[in-house]
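A closer look at the structure
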Amino acid sequence: MNESTSNKNKIEFVARIVNPDGKVVEKTITSYSELPSLDDFDLETREGFLNDMDKLEKSILKARNEIGEAIAEEYLDSAFKKILRKQVNYY
(Lines give C-alpha, C1' and ligand atoms only; values in the text may rest on other atoms or scores of the structure.)
Protein backbone atom coordinates (compact mmCIF):
# COMPACT_ATOMS: atom_id res chain seq x y z
CA MET A 1 0.00 0.00 0.00
CA ASN A 2 1.43 3.36 -0.93
CA GLU A 3 0.91 6.79 0.58
CA SER A 4 -1.91 7.69 -1.81
CA THR A 5 -3.95 4.63 -0.74
CA SER A 6 -3.01 4.40 2.94
CA ASN A 7 -5.76 6.77 4.11
CA LYS A 8 -8.50 5.55 1.76
CA ASN A 9 -11.17 2.95 2.33
CA LYS A 10 -10.65 -0.34 0.56
CA ILE A 11 -13.38 -2.25 -1.27
CA GLU A 12 -12.62 -5.89 -2.05
CA PHE A 13 -14.63 -8.09 -4.36
CA VAL A 14 -14.05 -11.81 -4.84
CA ALA A 15 -15.55 -13.57 -7.84
CA ARG A 16 -15.55 -17.34 -8.18
CA ILE A 17 -16.74 -19.44 -11.11
CA VAL A 18 -17.19 -23.12 -10.28
CA ASN A 19 -17.58 -25.45 -13.25
CA PRO A 20 -19.73 -28.59 -13.01
CA ASP A 21 -16.53 -30.67 -12.78
CA GLY A 22 -15.52 -28.73 -9.67
CA LYS A 23 -12.75 -26.66 -11.25
CA VAL A 24 -12.65 -23.16 -9.80
CA VAL A 25 -11.59 -19.90 -11.40
CA GLU A 26 -11.28 -17.15 -8.81
CA LYS A 27 -10.24 -13.53 -8.89
CA THR A 28 -10.01 -10.83 -6.22
CA ILE A 29 -9.82 -7.10 -6.83
CA THR A 30 -9.10 -4.31 -4.40
CA SER A 31 -10.31 -0.80 -5.11
CA TYR A 32 -9.41 2.20 -2.97
CA SER A 33 -11.95 4.96 -2.62
CA GLU A 34 -12.66 8.33 -1.04
CA LEU A 35 -15.53 7.09 1.11
CA PRO A 36 -16.24 8.82 4.39
CA SER A 37 -15.55 6.62 7.40
CA LEU A 38 -18.47 4.99 9.15
CA ASP A 39 -18.18 7.60 11.89
CA ASP A 40 -18.11 10.49 9.38
CA PHE A 41 -20.97 9.27 7.17
CA ASP A 42 -23.50 12.13 7.27
CA LEU A 43 -26.88 10.91 8.46
CA GLU A 44 -27.91 14.27 9.88
CA THR A 45 -28.61 16.33 6.77
CA ARG A 46 -30.31 15.39 3.53
CA GLU A 47 -27.58 17.00 1.40
CA GLY A 48 -24.78 15.37 3.38
CA PHE A 49 -26.45 11.96 3.23
CA LEU A 50 -27.02 12.20 -0.53
CA ASN A 51 -23.42 13.31 -1.09
CA ASP A 52 -21.98 10.46 0.99
CA MET A 53 -24.41 7.97 -0.56
CA ASP A 54 -23.30 9.10 -4.03
CA LYS A 55 -19.65 8.47 -3.10
CA LEU A 56 -20.55 5.02 -1.75
CA GLU A 57 -22.57 4.05 -4.81
CA LYS A 58 -19.93 5.23 -7.29
CA SER A 59 -17.16 3.41 -5.42
CA ILE A 60 -19.09 0.15 -5.30
CA LEU A 61 -20.10 0.35 -8.97
CA LYS A 62 -16.49 1.04 -9.98
CA ALA A 63 -15.26 -1.98 -8.00
CA ARG A 64 -18.08 -4.16 -9.37
CA ASN A 65 -17.13 -3.27 -12.93
CA GLU A 66 -13.48 -4.03 -12.20
CA ILE A 67 -14.25 -7.49 -10.79
CA GLY A 68 -16.54 -8.30 -13.72
CA GLU A 69 -13.78 -7.52 -16.17
CA ALA A 70 -11.13 -9.29 -14.08
CA ILE A 71 -13.05 -12.57 -13.66
CA ALA A 72 -13.95 -12.65 -17.36
CA GLU A 73 -10.27 -12.21 -18.28
CA GLU A 74 -9.21 -14.87 -15.77
CA TYR A 75 -11.79 -17.34 -17.10
CA LEU A 76 -10.82 -16.76 -20.72
CA ASP A 77 -7.14 -17.00 -19.84
CA SER A 78 -7.77 -20.35 -18.14
CA ALA A 79 -9.69 -21.62 -21.17
CA PHE A 80 -6.93 -20.46 -23.52
CA LYS A 81 -4.25 -22.23 -21.42
CA LYS A 82 -6.30 -25.43 -21.47
CA ILE A 83 -6.57 -25.28 -25.28
CA LEU A 84 -2.82 -24.66 -25.59
CA ARG A 85 -2.05 -27.66 -23.35
CA LYS A 86 -4.26 -29.86 -25.53
CA GLN A 87 -2.52 -28.64 -28.68
CA VAL A 88 0.96 -29.20 -27.22
CA ASN A 89 -0.01 -32.72 -26.15
CA TYR A 90 -1.47 -33.40 -29.62
CA TYR A 91 1.84 -32.70 -31.37
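Residues numbered from 1 in each chain as written. Predicted model: local features only at pLDDT ≥ 70, side-chain atom pairs only at ≥ 80, totals over all residues. Heavy atoms only, no water.

**What about the nonpolar core?**
Applicable threshold: For our purposes a nonpolar core is just a set of buried Ala, Val, Leu, Ile, Met, Phe, Trp, Tyr and Cys residues, chained together by side-chain atoms within 4.5 Å. Classification of residues uses two cut-offs on accessible area relative to the type maximum, computed with a 1.4 Å probe and protein chains only: under 20% is buried, over 50% is exposed, and between them is partly exposed. The numbering of helices and of strands both runs from the N terminus, where a helix is a DSSP run of H or I of at least 4 residues and a strand a run of E of at least 2. Contacts: residue pairs with any heavy atoms within 4.5 Å of one another.
Membership of the largest hydrophobic core is limited to nine residues, which are I11, A15, V25, I29, L35, A63, I67, A70 and I71. At the level of elements, β1 (9-18), β2 (24-33) and α2 (46-90) are the ones that each hand at least two residues to this core. When residues in this core are grouped by element, the largest group, four residues, is from α2. Residue contacts for A63: discarding those within four places in its chain leaves I11, F13, I29 and S31.

**Section: the environment of L56**
Looking at the secondary structure, you find L56 in helix α2. Considered as a pair, L56 and L38 are 18 residues apart in the sequence and their alpha carbons are 11 Å apart.

By themselves, these observations are geometric and do not establish any function.
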